[in-house]
Amino acid sequence: MADILAPNDSNWMSEMEEYEMPQKPGGGARGAESAEKSGLSALQAEMKLLHWHKLANEAALKAALIRTKKMKALDSKKPERETLREKAEWMQQIIEEEQAKPLQVGKDYILKYEEEEKKNEAALQRQVEHHVTCLKNLRASIDKRETIKARKAQFKEFKSAVE
């Protein structure tokens, strides 16, 4: 975390503590040499102060970027669910609206559909007739079998009576 707050210089706090506000040069005994030294030290002090402000601003910007990224990450998860739910509701509404509308088709489609329905109905009718025929044949064979069975029983009775 210290790297994030002070990326370029780790001792910026010590520089700030060392900083002393420059004294106004006076017209004392030192003269020109003292004024030159004080001007140079004032410039150095001001440079240190500017450097410190630069570091503080960079740290603040990085912290703000990190917070922004975290907030975006948190916010992006929540709206995804909401947008998915909203999208699903929207799609469901469209489906319901489309299903409520009558189907719009051309005359050719209607004619083909009616033709297919007639063919299907005729095929079904043929199947029903075939089924009925099969049932009649089955009934006839059952009746024939019963008749033969009855005749055999009658013959056995007659034969046993003759003997």
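These numbers come from a predicted model, not from an experiment.

(A) Structural context of the overall build of the chain. Helix and strand content of the chain: four helices and zero strands. Secondary structure of the chain in N-to-C order comes out as α-α-α-α. Out of the 163 residues belonging to the chain, those deemed buried represent 6%. Of the accessible surface of the chain, which amounts to about 15500 Å², a share of 58% is contributed by carbon and sulfur atoms.

(B) Summary view of a nonpolar patch on the surface. The grouping of Leu 103, Val 105, Tyr 109, Ile 110 and Tyr 113 at the surface amounts to a nonpolar patch, some 540 Å² of accessible area in total. Residue position: Leu 103 is located in the loop between helix 3 (32-100) and helix 4 (107-162).

(C) Quick peek at the confidence of the model for the chain. Across the chain, the average pLDDT comes to 83, with 77% of residues at 70 or higher. Mean pLDDT across the elements of the chain bottoms out in helix 1 (residues 2-5) (45) and peaks in helix 4 (95). Contacts for the low-pLDDT stretch residues 1-7, under 50 throughout, to residues beyond four places or in other chains number eight contacts.

(D) Seen up close, a negative patch on the surface. Taken together, the side chains of Glu 115, Glu 116, Glu 117 and Glu 121 present a region of like negative charge at the surface. Inspection of the secondary structure puts Glu 115 in helix 4.

(E) Seen up close, the pattern of salt bridges. In the structure shown here, the tally under the stated rule is two salt bridges. Of the charged contacts in the structure, one is a salt bridge between Glu 98 and Lys 101, with a shortest N-O distance of 3.2 Å. Of the residues examined, Glu 98 reaches a relative accessible area of 46% and is grouped as partly exposed. We note a salt bridge from Asp 143 to Arg 139, for which the minimum N-O separation is 3.9 Å. Of this pair, Asp 143 and Arg 139 both sit in helix 4, four residues apart, which is roughly one turn of that helix.

Parameters at a glance
Residues numbered from 1 in each chain as written. Predicted model: local features only at pLDDT ≥ 70, side-chain atom pairs only at ≥ 80, totals over all residues. Heavy atoms only, no water. Helix = DSSP H or I, 4+ residues; strand = E, 2+ residues; numbered from the N terminus. Buried < 20%, exposed > 50% of the residue type's maximum accessible area, 1.4 Å probe, protein only. Areas by Shrake-Rupley, 256 points an atom, 1.4 Å probe, with all protein chains shown as cover. Patch = residues over 30% accessible without salt bridge, like charges linked within 9 Å, V, L, I, M, F, W, Y side chains within 5 Å. Salt bridge = Lys/Arg side-chain N within 4 Å of Asp/Glu carboxyl O. pLDDT = per-residue confidence, 0-100. Contact = heavy atoms within 4.5 Å. Lys, Arg positive; Asp, Glu negative; His and termini not counted. Charge placed at Lys NZ, Arg CZ, Asp CG, Glu CD.

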